[in-house]
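One letter stands for each residue in the lines below.
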Amino acid sequence: MTRSRADSLRWMAEGTTLLLGALQAVPDAQLSEPCALPGWSGKHLIAHVSLNAEALMNLATWARTGVETPMYSSPTQRDDDIERTAKLPVAELRDRVVETAVALDASLAGLTESQWAQPIRTRQGREVTGEEIPWMRSREVMVHAVDLAASVGFGDLPGDFLASLIDDIAAKRDGEGLVLVATDQDRRWTIPGEPVNEVHGTAAGLAAYLSGRETSDVAGAGGGLVPRLGPWL
Ligand code: ZN
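Asker: Describe the nonpolar core, and please don't skip the residues or the numbers.
Answerer: Membership of the largest hydrophobic core comes to 53 residues, with the highest contact counts inside it found for L148, F154, L165, L180 and L210. Here this core spans two domains, since at least three of its residues come from each of domain 1 (5-152) and domain 2 (156-222). Dropping the residues within four chain positions of it, L148 is found in contact with L19, A22, L23, V26, L31, L45 and I46. With 19 residues, the next largest nonpolar core counts A53, A63, I133 and M136 among its residues.

See below:
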């Protein structure tokens, strides 16, 4: 299945609405407590989502100008910025996550066809084009909406987004040896590798499993256990 730019832009908008809506329902005090991601509070997560928008604006600048503008100057800078930003007052973080999302929208809205096609590089060093930016953002806002709030689960994410997310992560988990069978979509995914394990579940369960999140919505062939996967992203 291939996703279009329109799909990615739609998912980016839907994911942003979901994340910001979920965030409004989380009280300030709770944001200082650990979120679903190891070592991070809710404030770290919100800081990261804001900084991610800024990093993707760098890629939008790269696409627009053709001048190499990396997401982050180094992995250390990325992590230091998250730590520093997470110390800001909650009210400031709440404003910032909205403002940066709006600014990213604006920077993408101005891209021409040839700029969308401009070669750029992700922080993992993948060679992509400007087309990848809204897809990268939709992954961040959708999956982190789940990480942020118990009120949002993978089951709340759109089915076509989930299938595209599984496509994406399956390609990156080459060598794991998995056959993924969706029980609620007419889809299956084969990830090469030995030995081969079958994993059955809803698209939401499979996406949670593949992205390295806790889930009880998948099972092996015959209802058995599934192999544990390492972290993704
Ligand atoms: Zn992230």
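Asker: Before we move on, could you go through the packing of aromatic side chains and cite the residues and values that matter?
Answerer: Counted by the stated rule, this structure contains 3 aromatic pairs. Judged by centre distance (5.7 Å) and plane angle (65 degrees), the ring pair of W11 and W135 falls under edge-to-face. Here W11, found in helix α1 (residues 5-24), pairs with W135, found in helix α6 (residues 132-148); they are 124 residues apart in sequence, far enough to count as distant. On the accessibility criterion, W11 (1% relative accessible area) is buried. Ring geometry for W135 and F161: centres 5.6 Å apart, planes at 50 degrees, overall tilted.

Asker: Could you give an account of the environment of H144, naming the residues involved and the relevant values?
Answerer: With respect to the element layout, H144 can be found in helix α6. H144 sits 69 residues away from R213 along the chain, and the two C-alpha atoms are 11 Å apart. Setting aside residues no more than four positions away along its own chain, H144 makes contact with L19, L37, L45, H48, V49, R139 and R213.

Asker: Could you give me a rundown of the pattern of salt bridges, with the residues and numbers involved?
Answerer: This structure, assessed with the given rule, holds 16 salt bridges. Its salt-bridge partner being R5, residue E113 comes within 3.0 Å of it at the nearest N-O pair. Residue E113 is located in helix α5 (residues 113-116), and its partner R5 is located in helix α1; the two are separated by 108 residues in the primary sequence. The residue R96 makes a salt bridge to E54 at a minimum N-O spacing of 3.4 Å. Of this pair, R96 sits in helix α4 (residues 90-109) while E54 sits in helix α2 (residues 42-65), and the two are 42 residues apart along the sequence. You can call E54 partly exposed: its relative accessible area is 29%.

Asker: Describe unusual backbone geometry, naming the residues involved and giving the relevant values.
Answerer: Leaving glycine aside, a negative phi is the common case for residues, and trans is the common case for peptide bonds. Residue P195 is reached from E194 by a cis peptide bond, and omega for that bond is -10 degrees. Tracing the backbone through its elements, the reader meets P195 in the loop between β4 (188-191) and β5 (197-201).

Asker: Account for the sheet that holds strand β6 (residues 218-220), naming residues and giving values.
Answerer: On the basis of which strands lie adjacent, the open sheet formed by 4 strands has the order β4-β3-β5-β6 and mixed pairing. Every other strand in the sheet has two partners, leaving β4 and β6 as the edge strands with one partner each. Taken over all neighbouring pairs, the strand axes of this sheet differ in orientation by 20 degrees on average, direction set aside. The pairing of strand β3 (residues 178-182) with β4 spans 4 bridges and is classified as antiparallel. Bridge assignment links L178 to a residue of β4, and that residue is I191.

Asker: Describe in detail the coordination of the zinc ion, supporting the description with residues and values.
Answerer: At the metal site, the zinc ion is ligated by H48 (NE2), E140 (OE) and H144 (NE2), and these contacts range over 2.1 Å. Of note, the donors binding the zinc ion are all from one chain and are spaced H-x91-E-x3-H. Of this pair, H48 sits in helix α2 while E140 is found in helix α6, placing the two residues 92 residues apart along the sequence. The exposure class assigned to H48 is buried, which follows from its relative accessible area of 5%.

Each value, and the rule that gives it
- Residues numbered from 1 in each chain as written.
- Predicted model: local features only at pLDDT ≥ 70, side-chain atom pairs only at ≥ 80, totals over all residues.
- Heavy atoms only, no water.
- Core = buried A, V, L, I, M, F, W, Y, C linked by side-chain atoms within 4.5 Å.
- Buried < 20%, exposed > 50% of the residue type's maximum accessible area, 1.4 Å probe, protein only.
- Domains from an automatic or database assignment.
- Contact = heavy atoms within 4.5 Å.
- Phe/Tyr/Trp six-rings, centres within 6.5 Å; stacked < 30°, edge-to-face > 60°.
- Helix = DSSP H or I, 4+ residues; strand = E, 2+ residues; numbered from the N terminus.
- Salt bridge = Lys/Arg side-chain N within 4 Å of Asp/Glu carboxyl O.
- Pairing = 2+ DSSP bridges.
- Axes fitted to C-alpha atoms, helices over the stretch in contact; angles between N-to-C directions.
- Donors = N, O, S within 2.8 Å, 3.2 Å for Na, K, Ca; no water.

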